[in-house]
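Residues per chain, in single letters:
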Amino acid sequence: MKIIIAENYDQMSKKAADIFANQLKEKEDSTLGLATGSTPTGMYKHLIEMYKNGEISFKSAKTFNLDEYMGLPENHEQSYSFFMNENLFDHVDINKENINIPKSNVSETEINTEVERYNHLLDNSEIDIQVLGIGRNGHIGFNEPGDAFTKNATVAELTEDTIKANSRFFDNIEDVPQKAITMGIKQIMMAKKIILLANGKSKSEIIKATITGKITPFVPASVLQLHKDVTIILDKEAAELL
Ligand code: PGA
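As a starting point, this report considers the structure included with it. (Residues numbered from 1 in each chain as written. Predicted model: local features only at pLDDT ≥ 70, side-chain atom pairs only at ≥ 80, totals over all residues. Heavy atoms only, no water.)

Over its 13 residues, helix α4 (residues 111-123) extends 18 Å from the first C-alpha to the last, a length consistent with the 18 Å expected when each residue adds 1.5 Å. Inspection of α4 places Ile 111, Glu 114, Val 115, Tyr 118, Asn 119 and Leu 122 among the buried residues, and these make up the whole buried set. Buried residues of α4, viewed axially, fall in a sector of 135°; they line one side. With respect to the buried face of α4, the exposed residues turned more than 90 degrees away are Asn 112, Thr 113, Glu 116, His 120 and Asp 123. (Helix = DSSP H or I, 4+ residues; strand = E, 2+ residues; numbered from the N terminus. Expected span 1.5 Å × (residues − 1). Buried < 20%, exposed > 50% of the residue type's maximum accessible area, 1.4 Å probe, protein only. Arc of directions from axis to C-beta.)

A separate point is the packing of helix α2 (residues 41-52) against helix α3 (residues 80-87). Between two packed helices, what matters for the description is the angle formed by their axes and the separation of those axes. Between α2 and α3, the least distance of the axes is 10 Å, while the angle of their chain directions is 40°. With respect to their mutual orientation, α2 and α3 come out oblique. Residue-level contacts link Thr 41, Tyr 44 and Ile 48 of α2 to Phe 83, Met 84 and Asn 87 of α3. In the contact of α2 with α3, the residues fall into four nonpolar, two polar and no charged. (Axes fitted to C-alpha atoms, helices over the stretch in contact; angles between N-to-C directions. Parallel < 35°, antiparallel > 145°, perpendicular 65-115°, else oblique. Contact = heavy atoms within 4.5 Å. Nonpolar A, V, L, I, M, F, W, Y, C, P; charged D, E, K, R; others polar.)

As enumerated under the stated definition, the model contains five aromatic pairs in all. Ring geometry for Tyr 69 versus Tyr 80: centroids 4.7 Å apart, planes at 35°, classification tilted. Remark: Tyr 80 occurs in helix α3 and Tyr 69 occurs in strand β4 (residues 67-69); sequence separation between them is 11 residues. Plain terms: the ring middles of Tyr 69 and Phe 170 are 5.8 Å apart, the flat faces sit at 75° to each other, and that makes the pair edge-to-face. Here the residue Tyr 69 occupies a position in strand β4, and Phe 170 occupies one in the loop between α5 (160-166) and β8 (179-182), the gap between them amounting to 101 residues. As far as the burial class goes, Tyr 69 and Phe 170 line up, both buried. Aromatic rings pair up to connect Tyr 69, Tyr 80, Phe 142 and Phe 170 into one cluster. (Phe/Tyr/Trp six-rings, centres within 6.5 Å; stacked < 30°, edge-to-face > 60°.)

Taken together, the side chains of Met 1, Ile 3, Ile 5 and Leu 242 define a hydrophobic patch exposed on the protein surface, amounting to about 340 Å² of accessible area. Mapped onto the fold, Ile 5 is located in strand β1 (residues 2-6). (Patch = residues over 30% accessible without salt bridge, like charges linked within 9 Å, V, L, I, M, F, W, Y side chains within 5 Å. Areas by Shrake-Rupley, 256 points an atom, 1.4 Å probe, with all protein chains shown as cover. Salt bridge = Lys/Arg side-chain N within 4 Å of Asp/Glu carboxyl O.)

This next bit is on the sheet that holds β1. Spatial ordering of the open sheet is given by β1-β10-β9-β6-β2-β3-β5, a layout of seven strands whose pairing is parallel. Edge strands, defined here as strands with exactly one partner in the open sheet, are β1 and β5 (99-100). Helix α7 (residues 204-212) contacts β1, β9 (193-198) and β10 (230-235) of the sheet and is inclined by roughly 155° relative to β10. (Pairing = 2+ DSSP bridges.)

Here we have three strands laid out as an open sheet, ordered β4-β8-β7, and antiparallel in their pairing. Each end of this open sheet is capped by a strand with a single partner; those strands are β4 and β7 (154-157). For this sheet, the mean angle separating the axes of adjacent strands, direction not counted, is 30°. Here β4 pairs with β8 via three bridges, running antiparallel. Looking at β8, one finds that Tyr 69 is bridged to Ala 180. This element, α4, spans β7 and β8 of the sheet and lies at about 125° to β7.

A word on the pairing of β8. Bridge count for β7 against β8 is four bridges, and the pairing is antiparallel. Residue pairing across strands places Glu 157 opposite Lys 179, the latter belonging to β8.

Further remarks concern the site of the ligand. Residues in contact with the ligand, as listed here, are Gly 37, Ser 38, Thr 39, Gly 133, Ile 134, Gly 135, His 139, Arg 168 and Lys 203. At 2.4 Å, a side-chain N or O of Thr 39 approaches an oxygen atom of the ligand. For the ligand, whose free accessible area comes to 280 Å², the fraction covered by protein is 83%. A breakdown of the residues in the shell around the ligand according to their chemical character gives one nonpolar, six polar and two charged. (Near = heavy atom within 4 Å. Polar contact = N/O pair within 3.5 Å; in protein donor to acceptor, adjacent residues only side chain to side chain.)

Once that is clear, we can look at the nonpolar core. Judged by nonpolar contacts, the single largest core of 65 residues is most densely connected at Phe 20, Met 43, Tyr 44, Leu 47, Phe 58, Leu 88 and Ile 140. Per-element tally for this core: the top contributor is helix α1 (residues 9-26), with six residues. If near-sequence neighbours (up to four positions away) are discounted, Met 43 is found in contact with Ser 13, Ala 16, Ala 17, Phe 20, Val 131 and Leu 197. Tyr 80, Phe 142, Ile 163 and Val 176 belong to the second largest nonpolar core, which has 10 residues in total. (Core = buried A, V, L, I, M, F, W, Y, C linked by side-chain atoms within 4.5 Å.)

Relative to the assigned elements, Ser 104 resides in the loop between β5 and α4. Residue classification places Ser 104 among the buried positions, given a relative accessible area of 0%. Polar contacts involving the side chain of Ser 104 include one to the main-chain carbonyl oxygen of Leu 72, which spans 2.7 Å. Those residues in contact with Ser 104, other than ones at most four positions away along the chain, are Glu 68, Tyr 69, Met 70, Gly 71, Leu 72, Pro 73, Glu 74 and Ser 79.

Following this line, the structure appears as structure tokens:
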């Protein structure tokens, strides 16, 4: 694992954007694994800037998002598809046909078909670079702590801690979806390169457990210790217990 400790959130975001930009410069038709949440928004801002300056293009890139809530209309402002349009896709030259995100507006009866559809797409692709945030409980994507590492895309029941953490984006905690579709841990581990970003004091304990703790499905991100090309980029606060 390579660990980079940046001065602050903006520096962290810039370093991450530089790694993504280099990937796109080296291979225009890269497959990018993308994440939502507050952590990567700064990285996306820098990437948009680089695109506007003519440094990079997304024209030939293909993307896969890590996860999506279940049971929200696609244009709901908390759906991850909405988030990605707002924070990246609407501002760059990506071909919308090359964007892959699980559908959020599926019913209980349709969800397994949607999971299979996403698995099929992932099975036929190879992610060149995957960006990850991390939950305070160590989740990556919506792979919550549990008895075993997940393999392929699956339906995740969100834990109370995750629902509480994500309720800041909703009017009421009751409005936070309780289920999501998430890429599995095995699929994340198959990405050729991974960067994990974390900022702020609230992530310091889980960052310590992820990097220096035992590899266990109770800290899903700890599995990254086994990946051969992971860069963890932190601000000073998230790194304070290392
Ligand atoms: P955050 O979420 O970036 O909003 O902190 C990260 C996550 O839960 O994976």
